[in-house]
Structures are given as structure tokens and as C-alpha cells.
Amino acid sequence: MTTSTTMHGTDDVTRLPPGGAAFVCWTPEQQIIGFRSREKIDPVRVVGRSANVRHLPLAIHHISPRWNWDAQEMDVDRYMEAQRVSGIVVLRGGRVIFERYGLGRRESDCWMSLSAAKSVTSILVGAAVQDGYIESLDAPVSDYIPELRESAYEGVSIRQLLTMTTGVKWNEDYTDPNSDARRSVWSTPELGVNPVVAYMRRLPRADSPGSKFAYKSGDTDLAGILVSTAVGKSLSEYLSDKLWRPYGMEADAFWAVDGAGHEFGGGGISATLRDYARIGQFMLEGGKAGAIQVLPATWVEDSTSAHVVFSEENGATYLNRREGYGYFWWIYKDGYAALGWGGQAIFVFPKEHLVIAINSAWPEPNLPEYRQAQEAFVEAVRAAALTQPSSPVRE
């Protein structure tokens, strides 16, 4: 584990906010400091970067989106100020067609992914399938985490874990200090059992497995533990081996760990914005790193298909422009996204060869209006990218 990185200055050191689940209570000022300083606040593992960085060339012609939102004419500057955006990178065809930073953030600064890390955990499940560590997504979760036998996870498949259709009762409300999402993060460990596993195996069943979608960060934390157990490595080491080094990420990333030193599969990654964009580009390229097929050939298509289709009944909270849920990916018309609390996002639109990576610090992260405004911005970016002239790159 490490906490050694360059500080942003003496003021930041003295103003670091409290760690653990307390991040949901950070003030707007604490968010700006804490979101870019997670590795100084909580214990983390390092995800080692590549010695050969995957270059992201600059297109000569950049976009300048303009759109209407909430009866106002919007441009990027107004959007970034209103939504407290710390950075936006847009790639088309692997080239940078837009890049801008705010909230005092620098290009080299990491930023918390929050739940956007769930989609990275999905990538690692796919890598474990490709490497033969996971034989089938229809295998029971308890085959890999035997401590879950005779719990509500008995009979739940890996596929149901990936689609959050486990049927286990769960409260994801971060504003409730007694919610499962808050209590599971720093739960009391049991002798010889991971604290997250110990917490999850005490939960009751609410629905039969596979019958209903219910968003549960705990499911993704278990998926991370499952991968780590299957491959015999920490998630950070496996992420470095399968993606960060072979694909050419430019900076070390950091992954927050639980009380037993295990990474949270449901969140906790901190990385640079360009490296978040590279994750989207990796997916666009079919899960390959150069000539290396990191993911099964069909994994990207399968994991970003709507295995859960939203309706007013099963997904009213998430509808907006979201059509469903894949393997820890949110599904949109013509695309998919990794989404995180407080405005973190990686949008991918394969037909347009487009990746949009966004980091933010929303002062009221659970208000749906913020996500709706972000989705309107993304649509404006798509429209601007489609009218962009074809151009050479600027080296």
C-alpha cells in the first residue's frame, strides 16, 4: 500500500477531509480537495503505469459544443461552472478533440472514480474469463467465495452478480448512515473472513435470483473479491497486468482498500482523466491492448448489452436516457457508460468512435437534475463531433 504522491500544497495537506464513508458528507470545498487526494486520505494500493505510454494525438480541429438546457443557452464554460466539472476529455477515433480542466485541477492530477470503478471491475471479470480463471458466468458465486454458502447468495450466479439481479436485500442510500452502502464499507471483520464478505453474508434475500434489478455496490465489491480470489492476485496488480501496463496508461492509479487490505470492487479508483478516457478507448477497440486480446472476443458486446431493460417499474430512478444495465455498465441508445457518484463518467459511443470522460464534484450528488444536465451535455458533444471536419492530428 502507499500514500506517497506529490501534494498540491500546504493548504491542501491541512484541509484534507475525513476518509472512509465520510466522503458522502464532504462539503463542496472538501470535495475539490478530497476527490483529487484519495490516496492521501485512505489506504490504497498502486496500479502501476506503463513505461510505454499510449499516445493520444491532438486533432487540429477541436469541437465547441453549444446547446440549450433548462431554457438557457449553454456552452462548455457555463456548463463546467454550473456543474462543478474538474475535467473533460473527448476522443474521436482515438484523437483528442476536446480537453479542458477546472476547479484548480491539473492534467496530471488523479480524481476519484467512485462507482465508475464498477465498470473496471467488469473488465477484470472479463480478463479472468479470458485467462481461464473463471470458467463460466453461470457458475455459483459461492464456488469462488465459499464463505457465502448458506447465505442469501447461495445459488446466485456470477452473471446475476454482474447484472445486480442477485435478489439480496440492500439499501444503497448514501445519505442514510445506517444504509448497507455506508455500513458495509468499514464493517467489523470476522476472524479469517473478509469484512465485506462477512457483512454481505448476513443480508436477507428480498427476491429470487435473476428476477429483479436492484443497484447494489456490495454486489460489485463481491465481484472484485471473486476476481482476486480466482486469479490469486490483488485487483490492483491484476489491473496493472491486464490493462494499465499493456494498454499504455500514462500515470499510476490508486485503488482504495477495505479493512482487510482488499480493493473495493464497487469504487475507490483514482486516476488521471486521460487514463479514464483510455479505458473507454480500450473498450472501443474490442478489449485489446495492441495485439493482446485482454478480454474474450465477444466480451465487450456482451457486457455492454442490456441484460436488464429498464421500465417505469424496475428502473424509474435511472431512466432519463438510460435504457438498461449490462455487466456493471449503464446502457444508452447507441452507447454505454461507466457512471460514478458526484458526476464521474466515461461515455462510449461505438458507431461514432467517440469517448467522453468527465470528472465533477456535484455539491448535491444524488439530485437527478445533475445527471440529466450531464446527459444533455453529452448529446451536445455527440452532435458537435458529428459535424467536425476530418482533419490530420497535431503531434
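Before reading further, recall that the structure is shown in the block above.
Residues numbered from 1 in each chain as written. Predicted model: local features only at pLDDT ≥ 70, side-chain atom pairs only at ≥ 80, totals over all residues. Heavy atoms only, no water.

With that out of the way, let us pick up the overall build of the protein. From N to C terminus, the protein includes 13 helices and 18 strands. Radius of gyration (C-alpha) of the protein: 20 Å, near the 21 Å computed for a compact globule of 395 residues. Expressed as a percentage of the 395 residues in the protein, the buried residues total 59%. Counting every atom, the protein has about 15600 Å² of accessible surface; 48% of that belongs to carbon and sulfur. Charge centroids of the protein, computed over 39 positive and 48 negative side chains, lie 3 Å from each other. (Helix = DSSP H or I, 4+ residues; strand = E, 2+ residues; numbered from the N terminus. Rg over C-alpha atoms; globule rule 2.2 N^0.38 Å. Buried < 20%, exposed > 50% of the residue type's maximum accessible area, 1.4 Å probe, protein only. Areas by Shrake-Rupley, 256 points an atom, 1.4 Å probe, with all protein chains shown as cover. Lys, Arg positive; Asp, Glu negative; His and termini not counted. Charge placed at Lys NZ, Arg CZ, Asp CG, Glu CD.)

Closest axis-to-axis distance for the helix 10 (residues 235-247)/helix 11 (residues 273-284) pair is 11 Å, and the angle between their directions is 105°. Regarding the angle of helix 10 to helix 11, the classification is roughly perpendicular. Between helix 10 and helix 11, the residues in contact are Leu243, Trp244 and Tyr247 and Asp275, Arg278, Ile279, Gln281 and Phe282, respectively. Class assignment of the residues belonging to the contact of helix 10 with helix 11 gives a composition of five nonpolar, one polar and two charged. (Axes fitted to C-alpha atoms, helices over the stretch in contact; angles between N-to-C directions. Parallel < 35°, antiparallel > 145°, perpendicular 65-115°, else oblique. Contact = heavy atoms within 4.5 Å. Nonpolar A, V, L, I, M, F, W, Y, C, P; charged D, E, K, R; others polar.)

In this structure, arginine 84 takes a positive phi of about 50° despite not being glycine. Within the secondary structure, arginine 84 is located in the loop between helix 4 (76-83) and strand 5 (85-92). Exposure remark for arginine 84: the relative accessible area of 16% places this residue in the buried category. Even without being glycine, phenylalanine 328 reaches a positive phi, approximately 60°. With respect to the element layout, phenylalanine 328 can be found in the loop between strand 13 (322-325) and strand 14 (330-332).

The topology assignment puts methionine 112 in strand 7 (residues 110-112). Every residue in contact with methionine 112, bar those within four places of it in the chain, is listed here: Trp26, Gly34, Phe35, Arg38, Ile269, Ser270, Tyr276, Gln344 and Asn359.

Here the focus is the pairing of strand 4 (residues 72-75). Pairing of strand 3 (residues 66-69) with strand 4 involves four bridges; the strand directions are antiparallel. Bridge pairing links asparagine 68 to glutamate 73 in strand 4. The antiparallel pairing of strand 3 with strand 4 creates a hairpin that spans two residues between the two strands, and aspartate 70 there sits at a positive phi of about 55°. (Pairing = 2+ DSSP bridges.)

With that settled, consider the pairing of strand 16 (residues 344-349). Side chains on a regular strand alternate between the two faces of the sheet. Summarising burial for strand 16: six of the six residues are buried, a large majority. Side chains of strand 16 alternate between two faces, with Gln344, Ile346 and Val348 and Ala345, Phe347 and Phe349 buried alike. Between the antiparallel neighbours strand 15 (residues 335-340) and strand 16 lie three residues, among them glycine 342 with a positive phi of about 85°. Where strand 16 meets strand 17 (residues 354-360), five bridges bridge the pair, whose relative direction is antiparallel. Bridge pairing links alanine 345 to isoleucine 358 in strand 17.

A separate point is the nonpolar core. With 126 residues, the main nonpolar core has Ile88 and Phe347 as its most contacted residues. If we ignore the near neighbours within four places in the chain, the residues touching phenylalanine 347 are Tyr332, Tyr336, Ala337, Leu339, Leu354, Val355, Ile356, Ile358, Gln374 and Val378. (Core = buried A, V, L, I, M, F, W, Y, C linked by side-chain atoms within 4.5 Å.)

In this section: the pattern of salt bridges. Within this structure, the stated rule accounts for 21 salt bridges. For the salt bridge of arginine 45 with glutamate 263, the shortest nitrogen-to-oxygen distance reads 3.7 Å. Pair noted here: arginine 45 is in strand 1 (residues 44-47) and glutamate 263 is in the loop between strand 8 (253-256) and strand 9 (269-272), with a separation of 218 residues, a long-range link. Accessibility expressed as a relative area gives 26% for arginine 45, which makes it partly exposed. Here glutamate 99 makes a salt bridge to arginine 274, at a shortest N to O gap of 2.7 Å. (Salt bridge = Lys/Arg side-chain N within 4 Å of Asp/Glu carboxyl O.)

In spatial order, the strands read 1-8-9-7; together these four strands make up an open sheet with antiparallel pairing. Unpaired on one side and paired on the other, strand 1 and strand 7 mark the two borders of the sheet. Along the sheet, successive strands turn relative to each other by an average axial angle of 25°, direction set aside.

Relative to the helices and strands, glutamate 172 is located in the loop between helix 6 (158-162) and helix 7 (180-183). One buried charged side chain, glutamate 172, makes no salt bridge at all; its nearest oppositely charged neighbour is lysine 118, positioned 4.9 Å away. At 2.5 Å, the side chain of glutamate 172 forms a polar contact with the side chain of tryptophan 170. Here the side chain of glutamate 172 touches serine 217 through a polar contact of 2.6 Å, side chain to side chain. When near neighbours in sequence (up to four residues on either side) are disregarded, glutamate 172 contacts Ala181, Tyr215, Lys216 and Ser217. (Polar contact = N/O pair within 3.5 Å; in protein donor to acceptor, adjacent residues only side chain to side chain.)

A few words on helix 10. Compared with the 18 Å implied by 1.5 Å per residue over 13 residues, the 17 Å span of helix 10 between its first and last C-alpha is a close match. Looking only at helix 10, the buried set comprises Leu235, Ser236, Tyr238, Leu239, Ser240, Lys242, Leu243, Trp244 and Tyr247. Positioned one or two residues after helix 10, glycine 248 has a phi angle of 95°, which is positive. (Expected span 1.5 Å × (residues − 1).)

Shape descriptors only; they carry no functional weight alone.
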